[in-house]
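Fold and contact review
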Amino acid sequence: MSNSNEKIQEEILLSKRMFIGGCFGLPWLWICNALYFRLRVFGPLLLVDYWPGQRPPIVLDGEENDVDGGANNNNNNDSSNPRRTMEQLEYEMTRKQLSMWVKCSTIGAFVVMSLFVSWIITFQVNKDSFGPKWFVMDETDATKTGW
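As the structure is a computational prediction, the values presented were derived from the model and not from experiment. (Residues numbered from 1 in each chain as written. Predicted model: local features only at pLDDT ≥ 70, side-chain atom pairs only at ≥ 80, totals over all residues. Heavy atoms only, no water.)

**Here we look at the overall build of the protein chain**
In terms of helices and strands, the protein chain carries five helices and zero strands. Starting at the N terminus, the α and β elements of the protein chain follow one another as α-α-α-α-α. Of all 147 residues assigned to the protein chain, the portion counted as buried reaches 22%. When contacts within the protein chain are restricted to residue pairs at least 6 apart in sequence, long-range pairs at least 24 apart make up 51% of them. As displayed, the protein chain offers around 11300 Å² of accessible surface, 61% of which is attributable to carbon and sulfur atoms. (Helix = DSSP H or I, 4+ residues; strand = E, 2+ residues; numbered from the N terminus. Buried < 20%, exposed > 50% of the residue type's maximum accessible area, 1.4 Å probe, protein only. Contact = heavy atoms within 4.5 Å. Areas by Shrake-Rupley, 256 points an atom, 1.4 Å probe, with all protein chains shown as cover.)

Listed below in structure tokens is the structure:
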């Protein structure tokens, strides 16, 4: 339990650092964060992880390695075992914390990418009205270089 708990804590720290790095002007880290942890947070996606007519892949995550949900373990759902319920509670809290950082990164990535695409569209549609100071090359430079 200690080894897997340390691994989950490291993943949460990585996800948090990637989110904060995205806030400091590197929004591609948000995209990397969302893609790296997407199976754990969002689950398998149709046409990305599997095709229609196939079964979705089983995501093995921390303590949930059993395909049948741990039905073979007699103490798994026993509410009289406080140690097991504390482990389940701790696991759910860390999972929600990871989910929070990844979802914040996903939202940030969508916002930044939509602003970037809208700026490109606005500039391309109205590039004649922006004037020559908005461009890197002057029209006379274009005739010299051939671009």
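Read on for the rest.
**Describing helix H2 (residues 28–36)**
Taken together, the buried positions of H2 are occupied by Leu29, Trp30, Asn33 and Ala34. Down the axis, H2 shows its buried residues gathered within 135° of arc, on one side only. Among the exposed residues of H2, those oriented more than 90 degrees off its buried face are Leu35 and Tyr36. (Arc of directions from axis to C-beta.)

**Some words on unusual backbone geometry**
Non-glycine residue leucine 47 carries a positive phi angle of around 70°. Take leucine 47: it is sitting in the loop between helix H3 (38–41) and helix H4 (82–125). On the basis of relative accessibility, which here comes to 53%, the residue leucine 47 falls in the exposed class.

**Focus: the pattern of salt bridges**
Counted by the stated rule, this structure contains two salt bridges. Salt-bridge contacts for glutamate 11 lead to arginine 40; the nearest nitrogen and oxygen are separated by 2.2 Å. On the criterion of sequence distance, the pair formed by glutamate 11 in helix H1 (residues 2–23) and arginine 40 in helix H3 is long-range, its members being 29 residues apart. Judged by its relative accessible area of 12%, glutamate 11 is buried. (Salt bridge = Lys/Arg side-chain N within 4 Å of Asp/Glu carboxyl O.)

**Description of the confidence of the model for the protein chain**
Taken as a whole, the protein chain shows an average pLDDT of 80; of its residues, 77% reach a score of 70 or greater. The weakest mean pLDDT in the protein chain belongs to helix H5 (residues 139–145) at 64; the strongest belongs to H2 at 93. Confidence drops under a pLDDT of 50 for residues 62–75, and excluding neighbours within four residues, the segment shows twelve contacts in the predicted structure. (pLDDT = per-residue confidence, 0-100.)

**Some thoughts on a nonpolar patch on the surface**
Among the surface-exposed residues, Ile31, Leu35, Met113, Phe116, Val117, Trp119, Ile120, Ile121, Val125, Trp134 and Phe135 lie close enough to one another that they form a single nonpolar patch of about 1100 Å² accessible area. Listing elements by their share of the nonpolar patch, those giving two or more residues are H2 and H4. As for its position among the elements, phenylalanine 135 is in the loop between H4 and H5. (Patch = residues over 30% accessible without salt bridge, like charges linked within 9 Å, V, L, I, M, F, W, Y side chains within 5 Å.)

**Observations concerning the side chain of threonine 106**
Within the element layout of this structure, threonine 106 appears in helix H4. For threonine 106, the contacting residues outside a window of four places in its chain are Ala34 and Phe42.

**Some words on the nonpolar core**
Across soluble globular proteins, nonpolar side chains have a tendency to be buried as a group. One finds Ile8, Ile12, Phe19, Trp30, Phe37, Val41, Tyr91, Leu98, Trp101, Val102 and Ala109 forming the largest nonpolar core, which totals eleven residues. Elements with a contribution of two residues or more to this core: H1 and H4. In terms of residues, this core owes the most to one element, H4, which gives five residues. Ignoring sequence-local partners within four residues, the contact set of phenylalanine 19 consists of Trp30, Asn33, Trp101, Cys104 and Ser105. (Core = buried A, V, L, I, M, F, W, Y, C linked by side-chain atoms within 4.5 Å.)

**Here we look at the side chain of threonine 94**
Looking at the secondary structure, you find threonine 94 in helix H4. Among the residues examined, threonine 94 registers a relative accessible area of 7% and is labelled buried. With residues up to four places along the chain from it excluded, the contact list for threonine 94 reads Ile8, Gln9 and Ile12.

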